[in-house]
Structure formats: C-alpha cells, structure tokens
Amino acid sequence: MNNLEMAKSYVRQARERLRHAREALESGNYPYVVRQCQEAVELLLKAALRTAGVEPPKWHDVGPVLRRTQGRFPEWFREEIPRLARISRKLRREREPSLYGDEEASIPPDELYYREDAEEALEMAEYTLNLVSKLLSELSKAQ
C-alpha cells in the first residue's frame, strides 16, 4: 500500500469518527465528541504528512512535524499549517481528560466538557477535514 492509499484510508477513518462525534453531540456526550475529534484530527494530519512523503510520528500531536516539513506542501496548505498545528496541539491536550476526566481531582469527563467545548472541537476537526480532503483531491488528480 502506498502513501496516498494510506492517506485515503486515514481520511475514511477520520470521517467515521466525525460521524460519531456529530451523533454524540446531539445526544449530549460532549467528552466523546472531543475525543473523537482529537482522533480525527490526528488521522487527518498524519494523512497530510503521508501525502507529502513524510512518515508520520508515533505520537499524537503532529503539528511540529507539519511545521518542519511545510516545504513539501502546496503554498495554500502551507499557509494553513500554523492553524492546523494549533488545532493539533489543543486537541492533543484534551485526549486523556476527555476519556478519563481529571483523575487527580476525581472529576469525571462528563463534568469537564460542555456543549461549547464539543462544538469547538467539531468545528476544528471539520476545518481540518476540509483542508486535508482538498489536499488529497489535488494530489489524486496530479497522479
């Protein structure tokens, strides 16, 4: 399987996570929305790296790698990398709390996240999806 095929698979997986995130938003499961959005953004940005021929790192926040390899991307995508890196970093920080809550303070995830948090996470993830989908579309046409 080549990098483009892997990237397309990652995008498919991200879309599925976002579908579940939208369902969870409607049912009020806000921590789950945040978690699914974090996973989607991670997959999407790793897909972007793969399209540029960069092996994605095994950690969750790939923003620094995007910044270091930005020269491999089209100009329009390069202009978005600072925002994408911020999104990656912000959602990475929410990865564990959205699943486990604040274990030190004994606060469950349901008490940490509100609808606004979930909506913000979903907006960031959908923004990322749109950009990475455009990138993949352009690269698919070029091949």
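First, a word on what this report is: a plain description of the structure on this page. Quantities reported herein were computed from a predicted structural model and do not represent experimental measurements.

Definitions and limits used
Residues numbered from 1 in each chain as written. Predicted model: local features only at pLDDT ≥ 70, side-chain atom pairs only at ≥ 80, totals over all residues. Heavy atoms only, no water. Helix = DSSP H or I, 4+ residues; strand = E, 2+ residues; numbered from the N terminus. Rg over C-alpha atoms; globule rule 2.2 N^0.38 Å. Buried < 20%, exposed > 50% of the residue type's maximum accessible area, 1.4 Å probe, protein only. Phe/Tyr/Trp six-rings, centres within 6.5 Å; stacked < 30°, edge-to-face > 60°. Lys NZ or Arg CZ within 6 Å of the ring centre and 35° of its normal. Contact = heavy atoms within 4.5 Å. Axes fitted to C-alpha atoms, helices over the stretch in contact; angles between N-to-C directions. Parallel < 35°, antiparallel > 145°, perpendicular 65-115°, else oblique. Left-handed = near helix turned anticlockwise from the far one by under 90°. Nonpolar A, V, L, I, M, F, W, Y, C, P; charged D, E, K, R; others polar. Expected span 1.5 Å × (residues − 1). Core = buried A, V, L, I, M, F, W, Y, C linked by side-chain atoms within 4.5 Å.

## Quick look at the overall build of the chain
Within the chain, the secondary structure is distributed over 8 helices and 0 strands. Scanning the chain from its N terminus toward the C terminus, one meets helices and strands in the order α-α-α-α-α-α-α-α. Here the C-alpha atoms of the chain give a radius of gyration of 15 Å, agreeing with the 15 Å that 2.2 N^0.38 yields for 143 residues. In terms of principal-axis extent, the alpha carbons of the chain reach across some 50 × 25 × 25 Å. Counting every position in the chain, which comprises 143 residues, the buried fraction comes to 46%.

## Describing the packing of aromatic side chains
Under the criterion given, the structure shown has 2 aromatic pairs. Centre to centre, the rings of Phe73 and Phe77 are 4.9 Å apart; their planes meet at 35 degrees, and the pair counts as tilted. Summarising the burial analysis for this pair, Phe73 and Phe77 share the class buried. Ring plane angle 90 degrees and centroid distance 5.5 Å describe the contact between Trp76 and Phe77, whose orientation is recorded as edge-to-face. No difference in accessibility class separates Trp76 from Phe77, as the two residues are buried. Joined through ring pairs, the aromatic side chains of Phe73, Trp76 and Phe77 make up one cluster. Arg83 extends its terminal NZ or CZ atom over the ring of Tyr127, reaching a point 3.7 Å from the ring centre. Note that Lys134 overlies the ring of Trp76, its terminal NZ or CZ placed 4.1 Å from the centroid.

## As for the environment of Ala125
Tracing the sequence through the fold places Ala125 in helix α8 (residues 115–142). Classification of Ala125 as buried rests on a relative accessible area of 0%. Not counting chain neighbours up to four residues away, the residues in contact with Ala125 comprise Leu18, Cys37, Val41 and Leu44.

## Topic: the packing of helix α1 (residues 3–27) against helix α2 (residues 30–51)
At a closest axis distance of 8 Å, the pairing of α1 and α2 adopts a crossing angle of 165 degrees. On the basis of their axis angle, the class for α1 and α2 is roughly antiparallel. Crossing handedness for the pair α1 and α2: left-handed. Its residues assigned to classes, the contact of α1 with α2 shows 18 nonpolar, 5 polar and 4 charged.

## Things to note about α2
With 22 residues, α2 extends 32 Å between its outermost C-alpha atoms, agreeing within 8% with the 32 Å of an ideal straight helix rising 1.5 Å per residue. The buried count for α2 comes to 21 of 22 residues, which makes it a mostly enclosed element. Trailing α2 by a residue or two, Gly53 shows a phi angle of about 80 degrees, which is positive.

## Concerning the nonpolar core
Formed by 44 residues in total, the largest nonpolar core has its most connected members in Cys37, Leu66, Phe73, Phe77 and Val132. Secondary-structure elements contributing two or more residues to this core are α1, α2, α3 (63–68), α4 (75–78), α5 (81–93) and α8. At 12 residues, α2 tops the list of elements feeding residues into this core. Dropping the residues within four chain positions of it, Phe73 is found in contact with Ala48, Leu49, Thr51, Ala52, Leu66, Arg78, Ile81 and Leu135.

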